[in-house]
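Descriptive analysis of the structure
This is what each chain is made of:
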Amino acid sequence: MIPTIWINIGLLIAAGFGLLLWYRAARTRAAAEDLLAGPYGADPSNEELKWRAALAEQIPMMKFRRDTIRDELRAAGFYQPYAFDSYAAFRNIVVGSTMLFGLAVALLVPDEWMLPAVIAAIALSGLSFSLPYAYLVNRMRKRKSEIEKGLPVAIDLLAVSLGTGQDLRSAISWVGRELKSAQPVIADEFRIVSIQAGVSNLEHALQQCAERTQTEPMNQVVRVLVQSQRLGTDITTTLKEMAASFRSQARQRAEARANRLGFWMLLPNIFCLFLAAAIAMIGPVALEFASARDDVAEILSESREGVETIDQPADQAAPETGAP
């Protein structure tokens, strides 16, 4: 048996083992299902959690990296205790699926293309390793942006509620209900704060909210609310000023993005105008130069022929003629 057949057998065994593992993971529901469903999806069974943990451990990860990803998962809105296992299992499934697809392609291509196909499969698997993390970072940034955008409205409603004589916990609960449809992210955070305040205390719940969201505006609001809770002071005016300040900062950020957009749009415009200008300015000159070059080449050819004719001997230049 030639070595190529052994390579095919090895690829078939690896593909079969991978398909078996994939079938077992899909049978217990894919790890990405709850991850993409949001922070309030249905809890999986114990058997499913065991398989997710097993899949998550297939590619080891250092402890500091685990802690970083757990913090980013919380900032992205995944508060389930099994969120990290779901993320790691989903990542490993993506990598394994890409590898299996590459191996299947390597089995179908001719023998001379098998090694490049295997190398391409390994490279694509390494690239797919970063796709779940890219999704996580994008969702985290989007959630932080939604929190910063909806926080001024929530602070205004909180100030109105406190101005009517409600206590801070009741005001937070009321704001969470009122913003459920307009600002669901802020509403969810306020609802969690209200639930945690009922279990422990309001100050601890507010600090947990600041740690979850990981946004500076929310940290400022939490510091003000915690100080008010400790000292018992009226913060209605302070909250209104903070809301106005956050709106001003959001307006400044929007103006900065608009200014940067003009600069980035300038680059493709310059490139397109440069091509048109090059065609209009250099094109005629290039055509004229090519035409003059042909004329000069013709003149030089005629001159060379004339010089060669002059340099010929007299007996070759004119044929002999007989006497009349």
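Residues numbered from 1 in each chain as written. Predicted model: local features only at pLDDT ≥ 70, side-chain atom pairs only at ≥ 80, totals over all residues. Heavy atoms only, no water.

**Overview of the overall build of the chain**
Helices and strands together make up the secondary structure of the chain, namely 13 helices and zero strands. Moving toward the C terminus, one meets the helices and strands of the chain in the order α-α-α-α-α-α-α-α-α-α-α-α-α. Counting across all 324 residues of the chain, residues that qualify as buried make up 31%. Put simply, 67% of the contacts in the chain that link residues at least 6 apart link residues at least 24 apart. Approximately 20,500 Å² of the chain is accessible, and the part contributed by carbon and sulfur atoms is 63%. (Helix = DSSP H or I, 4+ residues; strand = E, 2+ residues; numbered from the N terminus. Buried < 20%, exposed > 50% of the residue type's maximum accessible area, 1.4 Å probe, protein only. Contact = heavy atoms within 4.5 Å. Areas by Shrake-Rupley, 256 points an atom, 1.4 Å probe, with all protein chains shown as cover.)

**Remarks on the nonpolar core**
Soluble globular proteins: nonpolar side chains tend toward being buried together. Residues Leu158, Leu168, Ile172, Ile186, Leu206, Leu225 and Leu239 are the most contacted members of the largest nonpolar core, which totals 34 residues. Of all the elements in the fold, those that place two or more residues in this core are helix H7 (131–163), helix H8 (168–178), helix H9 (184–199), helix H10 (202–213), helix H11 (216–231) and helix H12 (236–311). (Core = buried A, V, L, I, M, F, W, Y, C linked by side-chain atoms within 4.5 Å.)

**Some details on the packing of aromatic side chains**
Taken as a whole and assessed by the stated rule, the structure comprises zero aromatic pairs. For Arg65, the ring lying beneath its charged end belongs to Tyr133, and the centroid distance is 4.5 Å. If you follow Arg212 out to its NZ or CZ, it ends over the ring of Tyr79, 5.5 Å from the centre. (Phe/Tyr/Trp six-rings, centres within 6.5 Å; stacked < 30°, edge-to-face > 60°. Lys NZ or Arg CZ within 6 Å of the ring centre and 35° of its normal.)

**Considerations on the environment of Arg74**
Within the fold, Arg74 resides in helix H4 (residues 63–75). Residue classification places Arg74 among the partly exposed residues on the basis of a relative accessible area of 28%. Residues Arg74 and Thr213, 139 residues apart in the sequence, show an inter-C-alpha distance of 7.3 Å. Beyond its immediate sequence surroundings of up to four residues, Arg74 is in contact with Tyr79, Gln208 and Arg212.

**Observations regarding unusual backbone geometry**
Of note in the backbone geometry, Gln214 takes a positive phi value of approximately 55 degrees without being a glycine. Examined against the element boundaries, Gln214 turns out to sit in the loop between H10 and H11.

**A closer look at the side chain of Asn92**
One can find Asn92 in helix H5 (residues 83–108). A distance of 3.1 Å separates a polar atom in the side chain of Asn92 from a polar atom in the side chain of Arg91. When near neighbours in sequence (up to four residues on either side) are disregarded, Asn92 contacts Leu55, Ala56, Glu57, Gln58 and Ile59. (Polar contact = N/O pair within 3.5 Å; in protein donor to acceptor, adjacent residues only side chain to side chain.)

**Thoughts on the confidence of the model for the chain**
When pLDDT is averaged across the chain, the result is 77; 80% of the residues are at 70 or more. Note on residues 27–41: pLDDT is under 50 here. Beyond four places in sequence and across chains, it has 34 contacts. Under a pLDDT of 50 for its full length, residues 320–324 has, in the predicted model, zero contacts with residues more than four places off or in other chains. (pLDDT = per-residue confidence, 0-100.)

**Focus: the pattern of salt bridges**
On inspection of all chains with the given rule, the structure shows eight salt bridges. Across the pair Asp67 and Arg70 runs a salt bridge, and its minimum N-O distance is 3.9 Å. Remark: Arg70 and Asp67 occur in helix H4; sequence separation between them is three residues, near one turn of the helix. What you see here is one network of salt bridges that share partners, running through Lys63, Asp67 and Arg70. (Salt bridge = Lys/Arg side-chain N within 4 Å of Asp/Glu carboxyl O.)

**So, a negative patch on the surface**
Residues Asp294, Asp295, Glu298, Glu302, Glu305 and Glu308 make up a contiguous surface patch of negative charge. Along the chain, the position of Glu308 falls in helix H12. (Patch = residues over 30% accessible without salt bridge, like charges linked within 9 Å, V, L, I, M, F, W, Y side chains within 5 Å. Lys, Arg positive; Asp, Glu negative; His and termini not counted. Charge placed at Lys NZ, Arg CZ, Asp CG, Glu CD.)

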